[in-house]
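# Report on the structure
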Amino acid sequence: MLAVIGGSSLSQLAGLDVSHREVLRTPYGEPSGAITFGQMFGRPMAFLGRNGYGHTILPHEVNYRANLWALHERGALGIISVASVGSIRADLKPGDVVIPHQIIDYTWGRKSTYFEGLDRGVTHVDFTEPYDANLRKQLIEAAREVGVPMSDSAVYAVTQGPRLETAAEIDRLERDGADVVGMTAMPEAALARELGVPYASIGVVANHAAGRGASRHSISFESIQAVLERSMGGVRNIIEKMVERGG
Ligand code: HPA
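Residues numbered from 1 in each chain as written. Predicted model: local features only at pLDDT ≥ 70, side-chain atom pairs only at ≥ 80, totals over all residues. Heavy atoms only, no water.

## Focus: the nonpolar core
Ranked by internal contacts, the top residues of the largest apolar core, which has 40 residues, are Val 4, Leu 10, Leu 13, Met 45, Ile 202 and Ile 239. Here the element with the most residues in this core is helix H5 (residues 221-244); it accounts for 8 residues. If we ignore the near neighbours within four places in the chain, the residues touching Ile 239 are Val 4, Leu 10, Leu 13, Met 45, Val 82 and Ile 202. Counting 37 residues, the second-largest nonpolar core is a separate cluster that includes Ala 70, Leu 71, Val 98 and Ala 185. (Core = buried A, V, L, I, M, F, W, Y, C linked by side-chain atoms within 4.5 Å. Buried < 20%, exposed > 50% of the residue type's maximum accessible area, 1.4 Å probe, protein only. Helix = DSSP H or I, 4+ residues; strand = E, 2+ residues; numbered from the N terminus. Contact = heavy atoms within 4.5 Å.)

## With respect to helix H1 (residues 64-73)
Of all 10 residues that make up H1, 7 are buried, and the element is covered over most of its length. The complete set of buried residues in H1 reads Tyr 64, Arg 65, Ala 66, Asn 67, Leu 68, Ala 70 and Leu 71. Against strand S1 (2-6), strand S3 (35-40), strand S4 (43-49), strand S5 (78-87) and helix H4 (185-195) lie the buried residues of H1. Of the residues one or two after H1, Gly 75 is the one with positive phi, at around 100 degrees.

## Some words on the site of the ligand
Every residue close to the ligand is listed here: Ser 84, Val 85, Gly 86, Leu 164, Glu 165, Val 181, Gly 182, Met 183 and Asn 207. Here a nitrogen atom of the ligand sits 3.3 Å away from a polar atom, N or O, in the main chain of Ser 84. Its free accessible area being 260 Å², the ligand has 93% of it covered by the protein chains. At a threshold of 2 Å from the grid points, most atoms of the ligand map onto the largest pocket. Those elements that provide at least two residues to the shell around the ligand are S5 and strand S10 (180-182). Ranked by residues supplied to the shell around the ligand, first place goes to S5 with 3 residues. Of the residues assigned to the shell around the ligand, the class counts are 4 nonpolar, 4 polar and 1 charged. (Near = heavy atom within 4 Å. Polar contact = N/O pair within 3.5 Å; in protein donor to acceptor, adjacent residues only side chain to side chain. Areas by Shrake-Rupley, 256 points an atom, 1.4 Å probe, with all protein chains shown as cover. 1 Å grid on protein atoms, 1.4 Å probe; cavity = no way out; pocket = protein on both sides within 12 Å on 5 of 7 lines; lining within 4 Å. Sits in = over half its atoms within 2 Å of the grid points. Nonpolar A, V, L, I, M, F, W, Y, C, P; charged D, E, K, R; others polar.)

Put into structure tokens, the structure is as follows:
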């Protein structure tokens, strides 16, 4: 079963032929909301909205451990995460899509591992390549096929939020090598790795990052909303194409 975690750029999966919804409890608490199960092109799929019903859960408040645990427990063999991001790299414009290949984590204080507690030994996971190569390839090919403007690599800087960054912080992220900035890839990607579930992400560029392009003096929330609404169709098309191709 393929699972999709949606964010502000994908609040539901319209092409899903829904069979049922389930509210799950995990040893780590409750996921962001009920998981929707169904089929797409005859394949089993699950959808979970990261920000909860009515979009009330902020990125630093999301129970990432419960979300990933619940999807894993219900049989997710791959997870596609959809997230909106701001663009740092000059050639990335609002409305573009990126399939990130690397992550730099600037978050703090989030519960970011399943390996804690006295009964656990010291456990490390390899995270050299945080995204699954095969899922990324399928997303890239699907995006090309449906003709959505897409960058097939990007370094995703994950900030704590919920405030947006200062212009100087964005300059620093660029010096660090980041192409886009968002608030949700971590600990999501690391938890998927701890569970051994392949994970890849579709980043939707919602805005120029602080101090860049149209956001030189401030970031307009109205235009973010408009961009995300326009881009949602493209994201859906990518996912549907990937599933249709048997990915
Ligand atoms: N910064 C952090 N997260 C974001 C942004 C941004 O500019 N845009 C969308 N998510």
